[in-house]
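As a plain string of letters, each chain reads:
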Amino acid sequence: MQAAYRIYGTVKGIPAEALARLRAELPFDSVGYTNGLLDIDHEGPWVDVDAALDLLVAVMEEGGWGGLDVIDNLEWQITRYTLRPGGYSSKSFDLDNVMDSVRPN
């Protein structure tokens, strides 16, 4: 059976000293950290993504960046988040038409 939600992301600019807190507080199945990149992986039930993103952008250093894709298999939708220090934005797409947003006109 396919997981209800799949979440994948990478965040650059997370200080190493914030890592223990993030691993304890982030709701994702897997949080890895290599060479200054935080990798996120989750396949399972719904988690509070907004609270997790608030935590990530609060500790992100100047010049940091990131992206997180939340794939909702129940609603057949993907929400793509773009992270920057202090905030984030998002766009949602139907999974059948996700490539429409990246095609040239």
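These lines cover the structure that appears in this document, whether it is placed above or below. These numbers were taken from a predicted model, which means no experiment stands behind them. (Residues numbered from 1 in each chain as written. Predicted model: local features only at pLDDT ≥ 70, side-chain atom pairs only at ≥ 80, totals over all residues. Heavy atoms only, no water.)

Spatial strand order, β2-β3-β1-β4-β5-β6: six strands in an open sheet with antiparallel pairing. What marks the edges here is a single partner per strand, and that holds for β2 (30-34) and β6 (87-94). Sheet twist, expressed as the average angle between the axes of neighbouring strands with direction ignored, equals 10 degrees. Bridge count between strand β1 (residues 5-12) and strand β3 (residues 37-44): eight bridges; the pairing is antiparallel. Paired with K12 across the strands is L37, a residue of β3. The strands touched by helix α2 (residues 49-59) are β1, β3, β4 (65-72), β5 (77-84) and β6; relative to β5, the strand with the most contacts, the crossing angle is about 20 degrees. (Pairing = 2+ DSSP bridges. Helix = DSSP H or I, 4+ residues; strand = E, 2+ residues; numbered from the N terminus. Axes fitted to C-alpha atoms, helices over the stretch in contact; angles between N-to-C directions. Contact = heavy atoms within 4.5 Å.)

Looking at the element boundaries, N73 is found in the loop between β4 and β5. From its side chain, N73 meets the backbone oxygen of A3 in a polar contact 2.7 Å long. Engagement of the side chain of N73 in a polar contact is seen with the side chain of R6, the distance being 3.2 Å. With sequence-adjacent residues up to four places away left out, N73 is seen in contact with Q2, A3, A4, R6 and L95. (Polar contact = N/O pair within 3.5 Å; in protein donor to acceptor, adjacent residues only side chain to side chain.)

A word on the packing of aromatic side chains. For the structure shown, the criterion picks out one aromatic pair. Ring plane angle 65 degrees and centroid distance 5.9 Å describe the contact between Y81 and Y88, whose orientation is recorded as edge-to-face. (Phe/Tyr/Trp six-rings, centres within 6.5 Å; stacked < 30°, edge-to-face > 60°.)

So, about a negative patch on the surface. A contiguous patch of negative charge on the surface is contributed by D29, D39, D41 and E43. For E43, the position within the fold is in strand β3. (Patch = residues over 30% accessible without salt bridge, like charges linked within 9 Å, V, L, I, M, F, W, Y side chains within 5 Å. Areas by Shrake-Rupley, 256 points an atom, 1.4 Å probe, with all protein chains shown as cover. Salt bridge = Lys/Arg side-chain N within 4 Å of Asp/Glu carboxyl O. Lys, Arg positive; Asp, Glu negative; His and termini not counted. Charge placed at Lys NZ, Arg CZ, Asp CG, Glu CD.)

This part covers the pairing of β5. The pairing of β4 with β5 spans seven bridges and is antiparallel. For L68, the partnering residue across the bridge sits in β5 and is Y81. Hairpin connection, β4 to β5: the antiparallel pair is bridged by four residues, and W76 has positive phi, about 55 degrees. As paired strands, β5 and β6 are joined by eight bridges and run antiparallel to one another. The partner of T82 across the bridge, within β6, is S89. With antiparallel pairing between neighbouring strands as the criterion, β5 and β6 make up a hairpin whose turn holds two residues, including G86 at a positive phi of roughly 90 degrees.

Attention now goes to unusual backbone geometry. The phi angle at N35 is positive, at roughly 50 degrees, despite the residue not being glycine. Secondary-structure assignment places N35 in the loop between β2 and β3. Within the chain, W76 stands out as a residue other than glycine whose phi angle is a positive 55 degrees. Among the structural elements, W76 can be located in the loop between β4 and β5. The exposure class of W76 is partly exposed, given its relative accessible area of 38%. (Buried < 20%, exposed > 50% of the residue type's maximum accessible area, 1.4 Å probe, protein only.)

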